[in-house]
Amino acid sequence: MFTNETLQGRVALITGGGTGIGLEIATTYARLGASVMLVGRNEERVQAAAAAITQEGGKAQAMRADVRNYDDVKAAVDATVEKFGALDILVNNAAGNFVCPTAELSPNGWRTVIDIDLNGTFYGCHAAYPHLKTSTFGGSIISIITMLGVTGWPGAAHASAAKGGILSLSRTLAVEWGGDGIRVNTISPGPIGDTEGVQRMYIDAGKGDLEARKTALGRFGRKADIANAAVYLGSDLGSYVTGDNIIVDGGRWLKYVAG
Ligand code: COA
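Residues numbered from 1 in each chain as written. Predicted model: local features only at pLDDT ≥ 70, side-chain atom pairs only at ≥ 80, totals over all residues. Heavy atoms only, no water.

Engineer: I'd like a description of the side chain of arginine 252, backed by residues and values.
Structural biologist: Note on placement: arginine 252 falls in helix α10 (residues 252-258). When near neighbours in sequence (up to four residues on either side) are disregarded, arginine 252 contacts Thr146, Leu148, Pro189, Gly190, Pro191, Tyr202, Lys214, Thr215 and Ala216. (Helix = DSSP H or I, 4+ residues; strand = E, 2+ residues; numbered from the N terminus. Contact = heavy atoms within 4.5 Å.)

Quick look at the structure:
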């Protein structure tokens, strides 16, 4: 198990940190000693999330930012460094998605998801780079994707293309920025039962059991499973790991490939 020293002294910025997997990562990081900046489009939500972390003794700040806007992202990075004195870990977690057959998807619908997921991740990496480079721990970038970005995702071509793009971007940056001591990795969650996305796209749609059976383990994961992987990658535990994609999906993609 991790100790409460595992992330001691580190500063992390988490996009989409107000809810779901992003909030779980932020809360876990704070419990393990990190200072966390939560960023999201909904100011009230990120402020409330940061207050809850502070309430339980963690160090947290929050700021409104839309990851589609580079100036917003840069301002959030600058505010993090101003408040906490450094930036050691960037978690690109913010995402947008909806199910829509590609033939019916409008160009603006396509652009919206690419903007949030792929462009937002690039903006985060780009704005954070000068600070990650000077991190005393060695910088760490962690982006949340999905193996559906590798296998293809019928009904969500925009999200699939964006997530595949993030994987490629991350591998590129792992090599470009390895000499700066920055590690760049992705995490591919499978269906995480206690998230809004799985609730809306699977459970509410009456496909909960079917989707759980698609995993090798036959069940949904928990947000904590993803936070644990993010702790590993953000801490010294993963200090020689870069350019990797940690798959935390209960064996879903392998079962998909195995047929
Ligand atoms: N089916 C088809 N098209 C859709 C759609 C859907 N379910 N939802 C949005 N779009 C299209 C819109 O029609 C619009 O295109 P248009 O101008 O050609 O009509 C475009 O996408 C942008 O939609 P808009 O609602 O203006 O964007 P937004 O910035 O307010 O929100 C999302 C974009 C992706 C965040 C929004 O769809 C959303 O709230 N999704 C659910 C929450 C979510 O994604 N959570 C992430 C966990 S997976």
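That shown, we press on.
Engineer: Tell me what's going on with the sheet that holds strand β2 (residues 35-40), and back it up with residues and numbers.
Structural biologist: Paired through backbone hydrogen bonds, the strands of a sheet run either parallel or antiparallel to each other. If you walk across this open sheet you meet the seven strands as β3-β2-β1-β4-β5-β6-β7, and the pairing is parallel. Of all the strands in the sheet, just β3 (59-64) and β7 (245-248) have a single pairing partner and so form its edges. Neighbour-to-neighbour, the strand axes of the sheet open up by a mean angle of 15 degrees, direction not taken into account. Two elements, strand β1 (residues 11-15) and strand β4 (residues 89-92), share three bridges in a ladder whose sense is parallel. Considered in β4, the bridge of leucine 13 is made with leucine 90. Here helix α2 (residues 43-55) sits on the sheet and contacts β2 and β3; the angle it forms with β3, its principal contact strand, is near 175 degrees. Where helix α4 (residues 107-133) meets the sheet, its contacts fall on β4 and β5 (140-144), and the angle it forms with β4 comes to roughly 180 degrees. (Pairing = 2+ DSSP bridges. Axes fitted to C-alpha atoms, helices over the stretch in contact; angles between N-to-C directions.)

Engineer: I'd like a description of a nonpolar patch on the surface, backed by residues and values.
Structural biologist: Taken together, the side chains of Phe2, Tyr232 and Leu237 define a hydrophobic patch exposed on the protein surface, amounting to about 250 Å² of accessible area. Along the chain, the position of tyrosine 232 falls in helix α9 (residues 223-234). (Patch = residues over 30% accessible without salt bridge, like charges linked within 9 Å, V, L, I, M, F, W, Y side chains within 5 Å. Areas by Shrake-Rupley, 256 points an atom, 1.4 Å probe, with all protein chains shown as cover. Salt bridge = Lys/Arg side-chain N within 4 Å of Asp/Glu carboxyl O.)

Engineer: Go over the site of the ligand with me, naming the residues and quoting the values.
Structural biologist: In the neighbourhood of the ligand, 13 residues make up the surrounding shell, with Arg68, Asn97, Ser106, Asn108 and Gly109 lying closest. Asparagine 97 places a main-chain nitrogen or oxygen 2.8 Å from an oxygen atom of the ligand. The separation between an oxygen atom of the ligand and a polar side-chain atom of serine 106 is 2.6 Å. Notes on the ligand: free accessible area 930 Å², of which the protein chains cover 52%. Of all the elements in the fold, those that place two or more residues in the shell around the ligand are α4 and α7 (196-203). When its residues are assigned to classes, the shell around the ligand shows three nonpolar, six polar and four charged. (Near = heavy atom within 4 Å. Polar contact = N/O pair within 3.5 Å; in protein donor to acceptor, adjacent residues only side chain to side chain. Nonpolar A, V, L, I, M, F, W, Y, C, P; charged D, E, K, R; others polar.)

Engineer: Help me get a handle on the pattern of salt bridges, residues and values and all.
Structural biologist: A complete count under the given rule lists eight salt bridges for this structure. Across the pair aspartate 66 and arginine 68 runs a salt bridge, and its minimum N-O distance is 3.1 Å. When the shortest N-O distance is used, the salt bridge between lysine 214 and glutamate 211 registers 3.1 Å. For glutamate 211, a relative accessible area of 5% gives the class buried. (Buried < 20%, exposed > 50% of the residue type's maximum accessible area, 1.4 Å probe, protein only.)

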